[in-house]
Amino acid sequence: RRMASGVSFPADARGVRSTTGPAKSVWAAAALGLGTEEGAALAAELLGEKDWRHGYAKHAVRLAELQSVAPPARCVASCEAGLAAAADTLQWRQKDGKCVSLRDAMSAPARAFFRTAIVRGGSGEHESAPRSEHGSREREKKRLVGDAALGRARGWAEDGCVEPDVVDALTSVAEEVNDDWTGDDLHDTLFALLGGTSELCPLKPLLRLGASVALVARAGDKLDDAVAVAASSEKGTMYVPFVDDDHDASNGVSSPVTADEKQETGETKRADAVPYASITNDRRSGADLCEQTPEITEWLREVFETGTFNRIVVGAYAYADGEAHVRATLACDLILTSLQETLGNERVCSAFLSSPGTAFPIPKAAWRHAKGRERDAEQNEGVFHWRRLVGLVCGGGFVPNCRAPVTRTTNENATEEHRTEEPRAETRTVYVHDGHVILQGPNYALSKTMQNWRAVACGARGVATSANMAPGSRTRSMQHVRAVSIALEGQKHFPPLRPFDADETRDTMAVLLLRDLGADRDGRTRRRREETTRHDDDEDQDRAFKKNAAHPMDVFGRHAVHGGTWRCPWSVDSIGRASVVAGTLWG
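To keep things clear, this report deals only with the structure shown in the data block. Treat the numbers as computed from the prediction; the structure is a model and nothing was measured.

Turning our eyes to something else, we now look at the sheet that holds strand 2 (residues 91-93). Strand order in the open sheet made by the three strands is 1-2-3, with antiparallel pairing throughout. The open sheet terminates on both sides in strands that have one partner only, identified here as strand 1 (6-8) and strand 3 (99-101). Averaged over all adjacent pairs, the angle separating strand axes in this sheet is 45°, with direction ignored. Pairing of strand 2 with strand 3 involves three bridges; the strand directions are antiparallel. Directly across from Arg-93, in strand 3, lies its bridge partner Cys-99.

Turning next to the environment of His-54. Along the chain, His-54 falls in helix 3 (residues 52-69). With relative accessibility at 52%, the residue His-54 sits in the exposed group. Taking C-alpha positions, His-54 is 7.9 Å from Gly-441, a pair spaced 387 residues apart along the chain. Of note is the side chain of His-54, whose polar atom sits 3.2 Å from the side chain of Asp-51.

What follows concerns the packing of helix 1 (residues 20-32) against helix 3. The contact between helix 1 and helix 3 brings their axes to 11 Å, and the two run at 15°. Overall, the two elements helix 1 and helix 3 adopt an arrangement that is roughly parallel. Note that helix 1 runs across helix 3; the crossing there is left-handed. Residues Thr-20, Ala-23, Lys-24, Trp-27, Ala-30 and Ala-31 of helix 1 form the contact with helix 3, whose own contacting residues are Trp-52, Ala-60 and Leu-63. Counted by class, the contact of helix 1 with helix 3 contains seven nonpolar, one polar and one charged residues.

Turning next to the environment of Gln-451. The residue Gln-451 is located in helix 16 (residues 441-460) in this model. Residue classification places Gln-451 among the buried positions, given a relative accessible area of 6%. Linking Gln-451 and Cys-332, residues 119 residues apart in sequence, is a C-alpha distance of 9.5 Å. Apart from residues lying up to four places away in sequence, Gln-451 is in contact with Ala-316, Thr-329, Phe-352 and Leu-353.

A separate point is the pattern of salt bridges. Side chains that differ in charge, positive against negative, can pair when their charged atoms come close. Applying the stated criterion across every chain, the model contains 25 salt bridges. In this structure, Glu-374 engages Lys-371 in a salt bridge whose closest nitrogen and oxygen atoms are separated by 3.8 Å. Taken together, the residues Glu-374 and Lys-371, both in helix 14 (residues 364-380) and three residues apart, mark about one turn of the helix. Look at Glu-374 and you get buried, because its relative accessible area is 14%. A salt bridge links Arg-428 to Glu-426, with the shortest nitrogen-to-oxygen separation between them at 3.7 Å. Arg-428 gets classed as buried once you look at its relative accessible area, which sits at 19%. Through salt bridges that share partners, Glu-140, Arg-143, Arg-506 and Asp-507 make up one connected network.

Before going further, it helps to examine the pairing of strand 6 (residues 212-216). Judged by how many residues are buried, strand 6 sits mostly within the fold: five of five residues are covered. The alternating pattern of strand 6 places Ser-212, Ala-214 and Val-216 and Val-213 and Leu-215 on opposite faces, both of which are buried. Sheet analysis places strand 5 (residues 189-194) next to strand 6, joined by five bridges and oriented parallel. Looking at strand 6, one finds that Phe-191 is bridged to Val-213. Here strand 6 runs beside strand 7 (residues 237-244); their pairing, made up of three bridges, is parallel. Note on strand 7: the bridge partner recorded for Ala-214 is Tyr-239.

Thresholds applied
- Residues numbered from 1 in each chain as written.
- Predicted model: local features only at pLDDT ≥ 70, side-chain atom pairs only at ≥ 80, totals over all residues.
- Heavy atoms only, no water.
- Pairing = 2+ DSSP bridges.
- Helix = DSSP H or I, 4+ residues; strand = E, 2+ residues; numbered from the N terminus.
- Axes fitted to C-alpha atoms, helices over the stretch in contact; angles between N-to-C directions.
- Buried < 20%, exposed > 50% of the residue type's maximum accessible area, 1.4 Å probe, protein only.
- Polar contact = N/O pair within 3.5 Å; in protein donor to acceptor, adjacent residues only side chain to side chain.
- Parallel < 35°, antiparallel > 145°, perpendicular 65-115°, else oblique.
- Left-handed = near helix turned anticlockwise from the far one by under 90°.
- Contact = heavy atoms within 4.5 Å.
- Nonpolar A, V, L, I, M, F, W, Y, C, P; charged D, E, K, R; others polar.
- Salt bridge = Lys/Arg side-chain N within 4 Å of Asp/Glu carboxyl O.

Structure follows, in structure tokens:
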């Protein structure tokens, strides 16, 4: 198999590029970043773990617990330490096999540059695209946040597979659409979609709403389909990178350029954009996140600065199997942070699809609901109930979903206005959810947790960030392995678990993204400061949890489309085999 260039894991003393050692070092760095004895002990424990493939989850959950109860500054420091360790540990492998640090690769001027191809909706310039119809944007708005969509979301909330504040969030967007929101309100925002042809990426709804999208994806049928979607939209615009045959940006080499080479190649030269339809066979469209990371960063900066945009939303939507997922996630992170350094935090927003398959705090109401379901199952399902029998046959029974809560101590009066008062310590119960599924593996856990860390770090720096939970969905990546596909379908026999269709997830997450960005009439996006949430008698603690987001880790408890994983009586990991049996027998 060809050794990939670009972002890669380092080789050990035997020349083997294993993921275990580097992954452990990243997790350990995050634990040490807490600056506590507990963090140091955890780092030692996970570094000494003998069965990392099956033992990683308990260490990841313990880290999430420590981060969730740590003072905010230490929590952020832990997340940033883990991210820094990932950037320091992985390497940039050049085409000739030599390796340099990722920082050197990202800071070195690229020898090659991308040109820009533009696809404009309604232009009729792409032969495979149907002619767009006037009013298609209005129909898209109705489809996304109309009565049917809101009714569907209410049903999900009643069933327990999304949190109630999801309905509130979608309703607030619907009210903006009806009152004062038009597609032109997106005109000053550039959506940079990394891995933009993935099924859960908001590419299609954004284009249909008239947004401007910079698509980063490899050449192929998916890219062609995206071009057709853009061309058939009413007013959407899509920018696609390409290289002329004599400017090879595919070599994955970002070694330093000499002064003579700068003068000869014209390092700052910018080629004019062209219609996508003019790209011929001697030009290559698309880009590879892991192998062309510096070139992609420079291209996105160029598209942003030469347009009429005020903000760029960098969305990390790339997914790959195994270790490639970690490399793609880190490549996205390098692009995001590089753009923040050059353009400023106020102009660069971040967007992620957080995974229920990691560890993070959840609201008290969700924890209590799961606990109640567990109690009901114990009382009402006898020893011969099919779930109990299948659970015993498949591994000895199910593991309760509700972990013992942990306690966070806060200094309530440690503010400028109360600095003369004696600080008053306040304790708060924190409910950390363990959503890890061992079948997904440690590479998946690290990839998605790194995105959690970046969301925390961005939030601490005042960067507008969208990191809502997205559920397990019927995507090609989930369905290409038959056992996984069957297990996904079998989950519905363990309520409130529910597999989502890919378009349900994509459309819902797209609306939540727009809600987080807060598009307004002037076309200037801003992060909404006020939250509208629904409360009941059990949710007093959730008011502070959702409204104030007083702790960096609490951000993951808002607007969660988790598919029922938070409110299921048993852990998703423990019902995996039983889900396969149920899916096989009953679909």
